[in-house]
Amino acid sequence: MTATIEPSTEAKPGSPVRLAGLRRGYGQVTALDGLDLDIAPGELVSLLGPSGCGKTTALRIVAGLEHSDAGAVFVDGRDITKVPANKRDMAMVFQSYSLFPNLTAGENVAFGLRLRGVSPAQRSKRAGELLELVGLNQHYDRYATQMSGGQQQRVALARALAIEPKVLLLDEPLSALDAKVRVQLRDEIRGLQQRLGITTLFVTHDQEEALSMSDRVAVMNAGRLEQCASPDEVYTRPATPFVAAFVGAMNRIPGIASGAEVEILGQRLTVTQPPEVSAGAKVTALVRPESVLLTPAVAGTVRVARSSFRGPVTRVTVELADGTEVDSDLPSPAAVDLRPGTLADIRFAPEPVMVIS
Amino acid sequence: MTAVADLTVATQGPRRKLGKGRVAAWLVLVIAALYFLIPIAASVEFSLRGVHDTHDLSTWENLFGQPGFLDNLITSLELAAGTVVITLVLMVPTTAWVHLRLPKLRRLIEAICVLPLVIPAVVLANGVLVAFRGGPNWLTGTPVILALEYVVLALPFTYRTLDAGLSSIPLTTLVEAGRNLGASWLTVLLRVVVPNLRTSILNASILSAAMVLGEFTIANLLLMNTLPVWTVQAGQQDGEVATAASMLILIVTWALLLLMSVFGQRGARRTGRSG
């Protein structure tokens, strides 16, 4: 019997996904320690964290490639925890190249359709459409070994999209690619995901990828969810010191607590969450490098230790009187006069900062 | 001028050494080739001998008409086919499963699979006779039991060949990709694992078949009639016929090895990889 599905490349309502209390351990090591996460239909959520934080384990449990010790996975409100991987109606793009070496690009894309009983003519047409969607319609008859890494990952993406999965799972699909292709492909993936409206769970350890591609970023640490919020919120209002330190660069500057404010280097800044310490206690303020402003001054209070040109911005590192080093990201033209050894005045952008005791 | 001359000597030195090395390599190759080819050529010449020191094809022409030859040839070919099928059905999923789920046991399983190489054939044959004494008629005293014994004998070739093939592909990722796209375990095995192990499966098949076509000891001890057994028996009456039959086994084996090489190269050319 031949299936008569008429797949399209247009948006369809995605499926909501819910992870409820997922736990997974390997001997003495706890990979997941009660992970709860709700993903809205059509949303792209990134699981971001350092190696070993449990993000890949979570993704593999959602895919059905691993089992959880406790907890459940729901898709469309249905508990699929016990459903085998081949019946979950999900598709995954892997970190390592996963194209079947014995099949051409077109045959790879058509693989899932063939399993679903789509007729040869239909699946060939559909494979062509999807390869065109990822810009590789000229590569239909090429084998994996005849394509670059970026092309192989594009074909893998087309293969995943071909079966119109309820959920798209991306397991660091860009990590093996060179920087230029990585940036190009991440924009393409995001564009396709938004156009097709597929609920997507994206695992990465690259914060730039997570921040630039996601609707929400779920930062994980030691098997737990530290914060799940929009990229802007995760960056500007980190919920925990770990998130503050992990996402983006962060200065740790000594200061003095003063209720809802903190005084650092003579400047008072509001705090995002007052620390549980008495007024006058010594605390550490977490300040982003782009919130640190430097101006050359003959009688400046800090001395430039070094500077590092990074294209549009230059990172200037200054040394405080107590030896603490503070990074400042300045527009490169503004950093021209801040050579090593120069004295400068330091100020902080009037934004709320996080304080730890 | 002296410097130039020194330079010439210096650059010619390694070349001369390389030349000597090449000559030595060729010499070893020729000696090894002669070591193998002289007995074969002598056997072929012997099988072609006619009356009064003439040579003709009469022995080869009469070979297929010899009593029992064709039956035993067919038995041996059936045994080879049966052994290959049973071995592959047993070993491909097993080896793949070991790679996927029990990778720590690979060395242990390899050691077990190599055991038939160190256990004398007479021990294996006697073990089978004792173990299956009183067994069902369709098993004992029929080529079925011999095929099962050959499966054990083929384990060292098949396990190592399949293990090498599986190690050369990203098996876990391919299997997970297949599962993720909706394939059952059986579909993954048949459409993902087997096609990517084509060369290894072909190699294992041909090595197993070649082993079966030339195996004499166990078949003789189990009182089975196979082509090698028939050849030895025929040799007691007519040496030329036995030699021609031996040459035929050799030719069939070589043909199989040639097939293995051709298919292996074609597969590698098609996908741009080996495995």
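All values reported here derive from a predicted model rather than from experimental measurement. (Residues numbered from 1 in each chain as written. Chains lettered and ligands numbered in written order. Predicted model: local features only at pLDDT ≥ 70, side-chain atom pairs only at ≥ 80, totals over all residues. Heavy atoms only, no water.)

(A) Quick look at the domain arrangement of chain A. Residue and element names in this part refer to chain A. Assigned domains within chain A: domain 1 (17-241) and domain 2 (249-356). A C-alpha centroid distance of 39 Å is found between domain 1 and domain 2. If you sort the residues of domain 1 by the area they bury against domain 2, Tyr 235, Pro 238 and Pro 241 come out on top, with a joint share of 78%. The tally of links from domain 1 across to domain 2 stands at 0 salt bridges. At the junction of domain 1 and domain 2, the tally comes to 2 residue pairs in polar contact (both at pLDDT 80 or more). (Domains from an automatic or database assignment. Buried area = accessible area lost by both parts, 1.4 Å probe. Salt bridge = Lys/Arg side-chain N within 4 Å of Asp/Glu carboxyl O. Polar contact = N/O pair within 3.5 Å; in protein donor to acceptor, adjacent residues only side chain to side chain.)

(B) Fine view of unusual backbone geometry. Residue and element names in this part refer to chain A. A positive phi is found at Asp 89, a non-glycine position, where the angle reads about 60 degrees. Tracing the backbone through its elements, the reader meets Asp 89 in the loop between strand E5 (78-79) and strand E6 (90-93). Overall, Asp 89 belongs to the partly exposed group, its relative accessible area being 28%. (Helix = DSSP H or I, 4+ residues; strand = E, 2+ residues; numbered from the N terminus. Buried < 20%, exposed > 50% of the residue type's maximum accessible area, 1.4 Å probe, protein only.)

(C) Summary view of the sheet that holds strand E13 (residues 267-270) of chain A. All names here are of chain A. Across the sheet, 5 strands lie side by side as E13-E12-E11-E14-E20; this open sheet has antiparallel pairing. Where the open sheet ends on each side, the last strands, each with one partner, are E13 and strand E20 (354-356). The average undirected angle you get between the axes of adjacent strands in this sheet is 45 degrees. Of the strand pairs in this sheet, strand E11 (residues 251-258) and strand E14 (residues 282-287) are connected by 6 bridges, and their pairing is antiparallel. The residue of E14 that forms the bridge with Ile 256 is Lys 282. (Pairing = 2+ DSSP bridges. Axes fitted to C-alpha atoms, helices over the stretch in contact; angles between N-to-C directions.)

(D) Representation of the sheet that holds E6 of chain A within the structure. Residues and elements named next belong to chain A. Spatially, E6-E7-E8-E3-E9-E10 is the arrangement adopted by the 6 strands of the open sheet, whose pairing is mixed. Sheet topology places E6 and strand E10 (224-229) at the edges, where each strand pairs with a single neighbour. Direction aside, the axes of adjacent strands within the sheet are offset by 20 degrees on average. Its contacts with the sheet place helix H4 (residues 149-162) against E6 and strand E7 (167-171), and it is angled at close to 175 degrees to E6. (Contact = heavy atoms within 4.5 Å.)

(E) Region of the structure containing the interface of chain B and chain A. Between chain B and chain A, the residue contacts involve 21 residues of the former and 26 residues of the latter. Taking both partners together, chain B and chain A bury about 2,200 Å²; carbon and sulfur atoms supply 57% of that area. Contact with chain A buries area across many residues of chain B, yet Asn 180, Leu 181 and Arg 191 of chain B alone supply 33% of it, more than any other trio. Across the contact surface, chain B and chain A share 1 salt bridge. A salt bridge links Arg 60 of chain A to Glu 176 of chain B; the shortest N-O distance between them is 2.5 Å. It is helix H7 (residues 171-180) of chain B that provides the largest number of residues to the side of chain B that touches chain A, a total of 7 residues. Here the residues of the side of chain B that touches chain A sort into 7 nonpolar, 9 polar and 5 charged. (Nonpolar A, V, L, I, M, F, W, Y, C, P; charged D, E, K, R; others polar.)

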